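# Analysis of the macromolecular model
Each chain, letter by letter, is given below.
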Amino acid sequence: MAKHEECWQKLRFLIAYSTDVSKKSRNDFSLLNTGLSLDLPLFTPDQVQELAGRYGLYFSDIEIKNLINSLGGHPYQVQLAFYQIQKEKITFNTLLNV
């Protein structure tokens, strides 16, 4: 019984909804087709340095440049890298060599 309780404790569920209709009513209308797609621009070196500072991490300009070259400057990947480094699950050098 305890195993089942542990399993359910890990479950996280998020529901988001809106009372505004974003499309006009049509016969082929589906709630699964609603939403807004956003394309985030790649981070600049200054933005990467600022995010690193927010994680309490400090890197040289060369290290930031190497990180951007390795990850492509994608916001989520940069954030995930800094999170993993901060939690000491990976080192900066290991990250660049992966």
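Predicted model, so just to flag it, every value in this text is computed and none were measured.

Buried within helix α3 (residues 61-71) we find Ile64, Leu67, Ile68 and Leu71. Buried residues in α3, looked at end-on, bunch into an arc of 100°, giving them a common side. Among the exposed residues of α3, those pointing more than 90 degrees away from its buried face are Ile62, Lys65 and Asn69. Tucked inside the fold, the buried residues of α3 contact α2 (45-54), α4 (75-86) and α5 (92-97). Positive backbone phi, at 80°, marks Gly72, one or two positions downstream of α3.

With that out of the way, let us pick up the packing of α2 against α4. Closest axis-to-axis distance for the α2/α4 pair is 10 Å, and the angle between their directions is 30°. Of the two possible hands of crossing, α2 and α4 adopt the one that is right-handed. Residue-level contacts link Val48, Leu51 and Ala52 of α2 to Val78, Gln79 and Phe82 of α4. Of the residues belonging to the contact of α2 with α4, the class tally is five nonpolar, one polar and no charged.

A word on the confidence of the model for the protein. Low pLDDT marks stretches whose predicted atomic positions should not be read closely. Residue-level pLDDT values for the protein average 80, and 64% of them are 70 or greater. Mean pLDDT across the secondary structure elements of the protein bottoms out at helix α1 (residues 2-10), with 61, and peaks at α2, with 95.

Another aspect to go through is the packing of aromatic side chains. The full count for this structure, using the stated rule, is three aromatic pairs. Measuring from ring centre to ring centre gives 5.8 Å for Phe59 and Phe82, while their planes differ by 20°; the resulting arrangement is stacked. Taken together, the positions of Phe59 in the loop between α2 and α3 and Phe82 in helix α4 put the pair 23 residues apart, joining distant regions of the chain. Neither residue differs from the other here; Phe59 and Phe82 are each classed as buried.

Cut-offs applied
- Residues numbered from 1 in each chain as written.
- Predicted model: local features only at pLDDT ≥ 70, side-chain atom pairs only at ≥ 80, totals over all residues.
- Heavy atoms only, no water.
- Buried < 20%, exposed > 50% of the residue type's maximum accessible area, 1.4 Å probe, protein only.
- Helix = DSSP H or I, 4+ residues; strand = E, 2+ residues; numbered from the N terminus.
- Arc of directions from axis to C-beta.
- Contact = heavy atoms within 4.5 Å.
- Axes fitted to C-alpha atoms, helices over the stretch in contact; angles between N-to-C directions.
- Left-handed = near helix turned anticlockwise from the far one by under 90°.
- Nonpolar A, V, L, I, M, F, W, Y, C, P; charged D, E, K, R; others polar.
- pLDDT = per-residue confidence, 0-100.
- Phe/Tyr/Trp six-rings, centres within 6.5 Å; stacked < 30°, edge-to-face > 60°.

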